[in-house]
Amino acid sequence: MSREKKQIEVLGNCPVCGSGIIEGQKGFGCSNWKIGCKFVIWKNDKFLASMKKKTSKTMVKTLLKNGVVTVKGLTSKKGNKFDANMRYEKNADNEFFNWKMEFTK
Ligand SMILES: [Zn+2]
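Notes on the structure in this doc start here. (Residues numbered from 1 in each chain as written. Predicted model: local features only at pLDDT ≥ 70, side-chain atom pairs only at ≥ 80, totals over all residues. Heavy atoms only, no water.)

**Some points on the coordination of the zinc ion**
Filter applied, for reference: A 2.8 Å cut-off from the metal defines N, O and S donors, relaxed to 3.2 Å for Na, K and Ca; water is not in the atom list, so some sites may appear incomplete. For a four-donor site, all angles between 85 and 135 degrees give tetrahedral; for four or six donors, opposite pairs above 155 degrees with the remaining angles between 65 and 115 give square planar or octahedral; all remaining cases count as irregular.
Coordination of the zinc ion by the protein involves Cys-14 (SG), Cys-17 (SG), Cys-30 (SG) and Cys-37 (SG), with metal-donor separations of 2.2 to 2.3 Å. Geometry at the zinc ion is tetrahedral, judged from the four donor atoms that bind it and their angles of 100 to 116 degrees at the metal. Read in sequence order, the donor residues coordinating the zinc ion give the pattern C-x2-C-x12-C-x6-C.

See below:
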């Protein structure tokens with residue numbers, strides 16, 4: 001990069017408070033975290049890791065824009081590759097979010 005100043009890239013809007021989502025070391029999180037917004041999408045999410053997948057910047061951008069993202073190349077327990085539509089939804093019983101998978105028919 002030739003520019004000295006590093007521009008912070010906003011990947012989309014936080015579904016909780018509407019602020020920008022930015023990339024951090026461990027995840028893609030809300031830029032409002034300093035004042036208490038806890039929305040974050042972990043890079044090493046356990047659910048995705050169980051299907052040999054990591055959260056990518058492209059996935060986050062699409063998810064924040066459309067509310068759903070098609071994740072390709074997931075690996076099943078039997079070792080088969082498959083694609084799935086994923087949403088990132090708030091748990092009913094706490095303030096955390098989790099990936100939810102949707103299969104297209
Ligand atoms: Zn937020």
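Okay, back to it.
**Remarks on unusual backbone geometry**
We count it as follows: Per the convention used, a helix needs a DSSP run of H or I reaching at least four residues, while a strand needs a run of E reaching at least two, with both numbered from the N terminus.
Residues other than glycine seldom take positive phi values, yet Lys-52 does so here, at roughly 55 degrees. Of note, Lys-52 is situated in the loop between helix H1 (46–49) and helix H2 (57–66).

**Regarding the pattern of salt bridges**
Put simply, the rule is: Salt bridge, as used here, is a side-chain nitrogen of Lys or Arg placed within 4 Å of a carboxyl oxygen of Asp or Glu. Exposure classes here rest on a 1.4 Å probe applied to the protein chains alone. A residue is buried below 20% of its type maximum, exposed above 50%, and partly exposed in between.
Summed over all chains, the structure comprises six salt bridges. In this structure, the salt-bridge partner of Glu-89 is Lys-100, at a minimum N-O distance of 4.0 Å. In this pair, Glu-89 is assigned in strand E6 (residues 81–90) and Lys-100 in strand E7 (residues 97–102), connecting sequence segments 11 residues apart. Relative accessible area serves as the criterion here: at 35%, Glu-89 is assigned to the partly exposed category. The exposure class of Lys-100 is partly exposed, given its relative accessible area of 32%. A single salt-bridge network, built from bridges that share partners, covers Glu-9, Glu-23, Lys-43, Lys-57 and Lys-61.

**So, H2**
Our working definition: Directions pointing from the helix axis toward each C-beta atom define the arc.
The complete set of buried residues in H2 reads Met-59, Val-60, Leu-63 and Leu-64. Buried residues in H2, looked at end-on, bunch into an arc of 125 degrees, giving them a common side. H2 presents Thr-58 and Lys-65 as exposed residues on the side facing more than 90 degrees away from its buried surface. Looking one or two residues beyond H2, the residue adopting positive phi is Gly-67, at roughly 80 degrees.

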